[in-house]
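Observations on the three-dimensional arrangement
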Amino acid sequence: MRQDDEAPTYVSQAPVAYGKPPPGWRRRMYDVIFEADTPAGRRFDIALVCAILLSILVVVLDSVPRLHRDHADLLNAFEWGFTALFTVEYVARLVCVQRPWRYAGGFYGVIDLLAVLPSYFSLLMPGTELLLDIRILRLLRVFRIFKLTLYIEEYTRLGEALAASRRKILVFLSVVLMAILILGTVMYVVEGPKNGYTSIPVAMYWATVTMTTVGYGDITPHTNLGKAIASFMMLMGWGILAVPTGIVTAEMTLRRGDRRTGPARAALHCPACGSGGHDATARFCKDCGTALPVHRAGAK
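Here the structure is a predicted model, which is why all the values come from computation and not from measurement.

Focus: helix 5 (residues 72-96)
In this model helix 5 runs 36 Å from its N-terminal to its C-terminal C-alpha over 25 residues, within 8% of the 36 Å that 1.5 Å per residue would give. Leu75, Glu79, Phe82, Thr83, Phe86, Glu89, Tyr90, Ala92, Arg93 and Cys96 are the residues of helix 5 that are buried. Next to the buried residues of helix 5 lie helix 2 (25-34), helix 3 (39-62), helix 4 (65-70), helix 6 (100-105), helix 7 (107-114) and helix 8 (117-123).

Take a look at the structure:
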């Protein structure tokens, strides 16, 4: 088995823009929170992933009326425990980076903030007349699920593949939209308002539902020509649905090959000084000269 296949799926989480702090307690905290290649960092990530999943489970269970009625106090205690945990994590991330506003204004910073804000907002809105608003705020806690994307490398690879494929996907979607416009217009002419196709936008809605093979059945063709067009669109929809999958899969395969053969940077950390960012083939630490683990550095 290749060594890169044996590497853990956790990846370094801190962009260079955040700024790595100088040696000291902030640097040690940074290595635990943002660098997943260290044993402490890996344990931190695993514990946080478990906490995220459990907090989502609590939110889901709390939405069940019977469970909310019988175990409201217990569920509420769990919820505030997770809120406190994620609050401490968010503050720790701000403290241990050189440029906290870069983190706070980034995607993951916003997600981390959304994971805790609804709980605190609910405290500011007391009163039975606002229970519905509080319930909506509680549902916003499902944003915590996006925090998982920070810890699993496959999410990162999928995001990179989607970003690299965006132009191809946009071209594909433009072709699909043209087909929907043309075929929807044709169906408007063929079927007409008497069969439910009261306007071109309505016919385009039907074309979208038909081409994606969803088929709600609220609008159906009645003429033989209309049924023939609908059959053609259904068959065409099978082929169309496979195109985006092929585009993204090809890009992911290409990027996986680049990681194996290209000069990618490794997330390996020195066992002596904790320095990271070494070349994938490095044998010694670039800062202190300590020998790096051979099986992790890729040396012969």
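Observations concerning the confidence of the model for the protein
Counting all residues, the mean pLDDT for the protein is 77, and 73% of those residues have values of 70 or more. Looking across the protein, the model is least confident in helix 1 (residues 3-6), with a mean pLDDT of 44, and most confident in helix 12 (residues 200-211), with 92. This model gives residues 1-11 a pLDDT under 50, and the stretch forms 24 contacts once residues within four places in sequence are excluded. With pLDDT under 50 throughout, residues 127-135 is counted as low confidence; its partners more than four residues away or in other chains account for seven contacts.

Remarks on the nonpolar core
Ranked by size, the top nonpolar core spans 16 residues in total, and within it Val176, Tyr197, Trp206, Met211 and Met233 carry the most contacts. Every element with two or more residues in this core is listed here: helix 11 (166-191), helix 12 and helix 13 (224-261). Among all residues touching Met211, those that are not within four sequence positions of it are Val176, Ala179, Ile180, Leu183, Met233, Met236, Gly237 and Ile240. Tyr18, Ile33, Phe34 and Tyr103 belong to the second largest nonpolar core, which has ten residues in total.

Quick word on the side chain of Asp62
Among the secondary structure elements, Asp62 is positioned in helix 3. Owing to a relative accessible area of 4%, Asp62 belongs among the buried residues under this scheme. Side-chain polar atoms of Asp62 contact the side chain of His68, separated by 2.7 Å.

Concerning the packing of helix 3 against helix 5
Here helix 3 crosses helix 5 at 145°, and the two axes come no closer than 10 Å. The two elements helix 3 and helix 5 meet at a crossing, and its hand is left-handed. Residue-level contacts link Phe44, Leu48, Ala51, Ile52, Leu54, Ser55, Val58, Val59, Leu61 and Asp62 of helix 3 to Leu75, Phe78, Glu79, Phe82, Leu85, Phe86, Glu89 and Arg93 of helix 5. Looking at the contact of helix 3 with helix 5 residue by residue, the class counts come to 13 nonpolar, one polar and four charged.

A word on unusual backbone geometry
One non-glycine residue, Thr213, lies in the positive phi region at around 60°. Taking the relative accessible area as the measure of exposure, Thr213 reaches 38% and is therefore partly exposed.

Some details on the pattern of salt bridges
One pass over the structure, following the stated rule, counts four salt bridges. Arg27 is the partner of Asp31 in a salt bridge, and the nearest nitrogen-oxygen pair spans 4.0 Å. Residue Asp31 and its partner Arg27 are located together in helix 2, separated by four residues, close to a single helical turn. The class for Asp31 is buried, based on a relative accessible area of 13%. The closest approach of N and O atoms between Asp70 and Arg69, which form a salt bridge, is 3.6 Å. Several salt bridges converge on common partners, so that one network encompasses Glu89, Arg93 and Asp112.

Analysis parameters
Residues numbered from 1 in each chain as written. Predicted model: local features only at pLDDT ≥ 70, side-chain atom pairs only at ≥ 80, totals over all residues. Heavy atoms only, no water. Helix = DSSP H or I, 4+ residues; strand = E, 2+ residues; numbered from the N terminus. Expected span 1.5 Å × (residues − 1). Buried < 20%, exposed > 50% of the residue type's maximum accessible area, 1.4 Å probe, protein only. Contact = heavy atoms within 4.5 Å. pLDDT = per-residue confidence, 0-100. Core = buried A, V, L, I, M, F, W, Y, C linked by side-chain atoms within 4.5 Å. Polar contact = N/O pair within 3.5 Å; in protein donor to acceptor, adjacent residues only side chain to side chain. Axes fitted to C-alpha atoms, helices over the stretch in contact; angles between N-to-C directions. Left-handed = near helix turned anticlockwise from the far one by under 90°. Nonpolar A, V, L, I, M, F, W, Y, C, P; charged D, E, K, R; others polar. Salt bridge = Lys/Arg side-chain N within 4 Å of Asp/Glu carboxyl O.

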